[in-house]
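Listed here are the chains, written in short residue letters.
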Amino acid sequence: MSLTCQTLLQTYPAAWKKATIHPFLTGCHSGTLQPTQFNTWLVQDFLFVKDFTRMVGRVLAVAPDDHIDVLLAGLGALKDELLWFEAKAAERSLNLATPSQPTCQRYREFMASLAIAPYAVQSTALWAIEYAYNQGWQLPGPMPAPYTEFADRWGNPGFTDYVNLLAAQADAALASANSSVEAQAEAAFLRVADLEAAFWQMAFASGDEEMGD
Ligand code: HMH
């Protein structure tokens, strides 16, 4: 029986929980998150999404014909998303020309490293990255202002459909993968889970220096 996205979630529930449930997100839900923490996330996630867009472009480049349509739709949504990040940053007077923090940089380097991975590995990582936000932003329950639109961006039904299509495409690629490629896909899934948890923690911890002493 071949590896599937569902099997990965069932095999590593603890790692996936850490990726999708974090005090950052529950703090958005309860209104206790500090603006510094949210603004750090916003700026760093813009840097992330710019490189993520490049990653999706590389996945498209090696995708089979019948997977192109879904990936093109994803790239279309990312075009809108990058403009939206710029608008949100401008509303908050944030400087998007900020350097990557080390955790964001590690995630960006991981995405770049996938360029030489087999398509089954790249498509599994792509699904995991999108599913992490699809779940993460929805699990706490309805988000109050100003976080509602952020939760909706990754929690809306259209995005959920897109994530399900990405899972189906990754499963299709994994169906013909040998055990070495399966092992690489599994490692990529776990790496995404770790990096997601670290990314939330990076933003959550960012208020600490101002609150210290
Ligand atoms: C860190 N993971 C991170 N940022 C995002 N915008 C996404 C995933 C989108 O799925």
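All figures in this text were calculated on a predicted structure; none of them were measured in a lab.

Draft legend 1. Region of interest: the overall build of the protein. Each helix and strand counted, the protein has 11 helices and 0 strands in total. Seen in sequence order, the protein has helices and strands lined up from the N terminus as α-α-α-α-α-α-α-α-α-α-α. Here the C-alpha atoms of the protein give a radius of gyration of 17 Å, agreeing with the 17 Å that 2.2 N^0.38 yields for 213 residues. Expressed as lengths along the three principal axes of its C-alpha atoms, the size of the protein is roughly 55 × 35 × 30 Å. Looking at the protein as a whole, 51% of its 213 residues qualify as buried.

Draft legend 2. Highlighting the environment of Ala170. Structurally, Ala170 is set in helix α9 (residues 157-175). If near-sequence neighbours (up to four positions away) are discounted, Ala170 is found in contact with Cys5, Ser123 and Thr124.

Draft legend 3. The arrangement of helix α7 (residues 119-136) in detail. The end-to-end C-alpha distance of α7 is 25 Å, a good match for the 26 Å that 18 residues give at a rise of 1.5 Å each. With 18 of its 18 residues buried, α7 lies for the most part within the structure.

Draft legend 4. Up close: the packing of aromatic side chains. With the rule as written, the count across this model stands at 33 aromatic pairs. Summarising the aromatic geometry, the rings of Tyr12 and Phe189 are spaced 6.3 Å apart at their centres and angled 35 degrees between planes, so their arrangement reads as tilted. Separated by 177 residues along the polypeptide, Tyr12 in the loop between α1 (5-11) and α2 (13-20) and Phe189 in helix α10 (residues 179-204) bring together distant segments of the chain. What makes Tyr12 partly exposed here is its relative accessible area of 22%. Here Phe189 falls in the buried class, since its relative accessible area comes to 0%. On the basis of an interplanar angle of 15 degrees and a centroid distance of 5.2 Å, the ring pair of Trp16 and Phe189 is categorised as stacked. Within this pair, whereas Trp16 is found in helix α2, its partner Phe189 is found in helix α10, the two being separated by 173 residues in sequence. Both residues of the pair, Trp16 and Phe189, count as buried. Through successive ring pairs, a cluster of aromatic residues spans Phe24, Phe38, Trp41, Phe46, Trp84, Phe85, Tyr133, Trp137, Tyr147, Phe150, Trp154 and Trp200.

Draft legend 5. Geometry of unusual backbone geometry. Put simply, Ala145 and Pro146 share a cis peptide bond, and its omega is 5 degrees. Position of Pro146 relative to the elements: it lies in the loop between α7 and α8 (148-155). Residue Ser93 is not a glycine yet carries a positive backbone phi of 55 degrees. Relative to the helices and strands, Ser93 is located in the loop between α5 (68-91) and α6 (102-113).

Draft legend 6. Quick look at the nonpolar core. Grouped together as the largest cluster of nonpolar side chains are 75 residues, with contacts concentrated most on Phe24, Trp41, Trp127 and Trp137. Examining the composition of this core, we find that 12 residues originate from one element, helix α4 (residues 35-62), more than from any other. Other than its neighbours up to four places away in sequence, Phe24 contacts Leu33, Gln37, Phe38, Trp41, Trp137, Trp200, Ala203 and Phe204.

About the thresholds
Residues numbered from 1 in each chain as written. Predicted model: local features only at pLDDT ≥ 70, side-chain atom pairs only at ≥ 80, totals over all residues. Heavy atoms only, no water. Helix = DSSP H or I, 4+ residues; strand = E, 2+ residues; numbered from the N terminus. Rg over C-alpha atoms; globule rule 2.2 N^0.38 Å. Buried < 20%, exposed > 50% of the residue type's maximum accessible area, 1.4 Å probe, protein only. Contact = heavy atoms within 4.5 Å. Expected span 1.5 Å × (residues − 1). Phe/Tyr/Trp six-rings, centres within 6.5 Å; stacked < 30°, edge-to-face > 60°. Core = buried A, V, L, I, M, F, W, Y, C linked by side-chain atoms within 4.5 Å.

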